[in-house]
Amino acid sequence: MELHQMRYVAYVGRLGSVGRAAEELYVSRQAVSRAVLSLEKELGVEIFDRGRRMRPTEAGNEVLRHIDVVLREVDTIGLFAHQYADKCGQATVVNVAFKSFPLDYLYFSEHHRIVELVKQFEKRTRECEIATFKMSDTSILNAVADGVIDVGFVQGAYEKPQVKVVPVDTMETRAITLKGQPLCAKEPLSLDDFRGVPLRSPFDFDLYTRRFIDRCRARGFEPIYREVPLNDEGINKFCRAGGVHFQPYAPAMRERYAESAFMALRPEDRDDLPLCMVYREDATNGLVPLLVEFVRNGVGR
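Keep in mind that this is a model prediction, so the values were computed, not measured. (Residues numbered from 1 in each chain as written. Predicted model: local features only at pLDDT ≥ 70, side-chain atom pairs only at ≥ 80, totals over all residues. Heavy atoms only, no water.)

### Remarks on the nonpolar core
Right, so step 1: In this structure, Ala175, Phe194, Leu199, Phe212 and Val278 are the most contacted members of the largest nonpolar core, which totals 34 residues.
Right, so step 2: Mapped onto this core, the elements with two or more residues apiece are helix H7 (137–146), helix H8 (207–218), strand S11 (260–263) and strand S12 (274–279).
Right, so step 3: Sequence-distant contacts of Ala175, that is, excluding residues within four places in its chain, are made with Leu189, Phe194, Val244, His245, Phe246, Ala261, Phe262, Met263 and Leu265.
Right, so step 4: One finds Val115, Leu117, Val168 and Leu275 within the second-largest nonpolar core, a separate group that totals 24 residues. (Core = buried A, V, L, I, M, F, W, Y, C linked by side-chain atoms within 4.5 Å. Buried < 20%, exposed > 50% of the residue type's maximum accessible area, 1.4 Å probe, protein only. Helix = DSSP H or I, 4+ residues; strand = E, 2+ residues; numbered from the N terminus. Contact = heavy atoms within 4.5 Å.)

### Section: the sheet that holds strand S6 (residues 164–170)
Right, so step 1: Taken in spatial order, the five strands of this open sheet run S4-S3-S5-S12-S6, and their pairing is mixed. At either end of the open sheet lies a strand with only one pairing partner, and these are strand S4 (128–135) and S6. For this sheet the average axis-to-axis angle between neighbouring strands, irrespective of direction, equals 25 degrees.
Right, so step 2: Across three bridges, the pairing between strand S3 (residues 92–99) and strand S5 (residues 151–155) is parallel. The partner of Val96 across the bridge, within S5, is Val151. (Pairing = 2+ DSSP bridges. Axes fitted to C-alpha atoms, helices over the stretch in contact; angles between N-to-C directions.)

### Things to note about the environment of Asp282
Right, so step 1: In this fold, Asp282 is placed in the loop between S12 and helix H11 (287–299).
Right, so step 2: With 120 residues separating them along the chain, Asp282 and Gln162 place their C-alpha atoms 8.5 Å apart.
Right, so step 3: Looking at Asp282, its side chain comes within polar contact range of the side chain of Arg280, at 2.8 Å. (Polar contact = N/O pair within 3.5 Å; in protein donor to acceptor, adjacent residues only side chain to side chain.)

### As for the confidence of the model for the chain
Right, so step 1: When pLDDT is averaged across the chain, the result is 83; 87% of the residues are at 70 or more.
Right, so step 2: Put simply, helix H5 (residues 105–108) is where the chain has its lowest mean pLDDT, 54, and S11 is where it has its highest, 93. (pLDDT = per-residue confidence, 0-100.)

### Quick look at the packing of helix H1 (residues 3–15) against helix H2 (residues 18–25)
Right, so step 1: Close contact between H1 and H2 brings their axes to 8 Å; oriented N to C, the two are set at 120 degrees. Classed by the angle they form, the pair H1 and H2 counts as oblique. Considering the relative orientation of H1 and H2, their crossing is right-handed. Taken together, the residues of H2 that come into contact with H1 (itself represented by Tyr8, Tyr11, Val12, Arg14 and Leu15) are Val18, Arg20, Ala21, Glu24 and Leu25.
Right, so step 2: Of the residues in the contact of H1 with H2, the class split is seven nonpolar, no polar and three charged. (Parallel < 35°, antiparallel > 145°, perpendicular 65-115°, else oblique. Left-handed = near helix turned anticlockwise from the far one by under 90°. Nonpolar A, V, L, I, M, F, W, Y, C, P; charged D, E, K, R; others polar.)

### What about H2?
Right, so step 1: Counting buried residues in H2 gives six out of eight residues, a clear majority hidden from the surface.
Right, so step 2: All of the buried residues along H2 are Val18, Gly19, Ala21, Ala22, Glu24 and Leu25.
Right, so step 3: Structurally, the start of H2 carries an N-cap: the backbone nitrogen of Gly19 is 3.2 Å from a side-chain oxygen of Ser17.

### Remarks on the side chain of Gln5
Right, so step 1: With respect to the secondary-structure elements, Gln5 resides in helix H1.
Right, so step 2: Only 2.9 Å separates the side chain of Gln5 from the side chain of Ser38, close enough to count as a polar contact.
Right, so step 3: Not counting residues within four places of it along the chain, the set of residues in contact with Gln5 comprises Ala35, Ser38, Leu39 and Glu42.

### A short note on the side chain of Gln155
Right, so step 1: In this structure, Gln155 sits in strand S5.
Right, so step 2: Only 3.2 Å separates the side chain of Gln155 from the side chain of Thr173, close enough to count as a polar contact.

### As for unusual backbone geometry
Right, so step 1: Note the cis peptide between Glu187 and Pro188, where omega equals 0 degrees.
Right, so step 2: Note on placement: Pro188 falls in the loop between strand S7 (173–178) and strand S8 (198–201).
Right, so step 3: The backbone phi angle of Gln162 is positive, close to 75 degrees, even though this residue is not glycine.
Right, so step 4: When you line up the elements, Gln162 lands in the loop between S5 and S6.
Right, so step 5: For Gln162, a relative accessible area of 54% gives the class exposed.

Here is the structure:
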């Protein structure tokens, strides 16, 4: 039983596909398939049911649980080795940028899985100091490409030369206004409900916005965007006048923004984009690949 076999099997278990696992691991499909079959043969159990999606068997779930424990320990060993090598030096700063949202989706709750993982990494890596920034998607991608930001988190699977983009979570986007507005009675909303409705224009016309515009045009209308100050007072004033803004949704927001209505879209009109981690594979900061692997392993557990 080898470490790479366990890592390959863990990726198949998380992604449900040999092909997707191979893409994430930068290896061939054959290599992943061989690793799965080899480990199944060695253990004498089938880890996955073969179908349209690779689903763990009852025995496979137990195997994956033990693999998870092993990989966690491997992460810890890697962090310890880095700490030991640098224990006499100064802390290494890792610049991490998060997509800036009107309601701070990522930093709204310190219990968000991605934020927790970044904090855990900093805590467990004594010679590491995480410096955090809030920026637009475009700014993050450019800063990562230029080597100014080490690791970033953006909404959507962008394509950017020299930048690796890895989905780590799924984000449900909802339409937000104040309670009592006429649009609230129509929830769940369709795209057609936004005809003639003022929409807050984001300071960064990100991937979600561009896709939303294209989908509205396909329905035969042009969405109406308005410039709105990027603060709670400005957004609330806009919403009291019948305006709407779009925001990745976290349930905890309902308690913090009790006056707001977080309106879901109909299933056929939803466009839930992934939260993606972005970084350069040739980063000179030695902690970057360790943080990337820590987050990638963590989100699969």
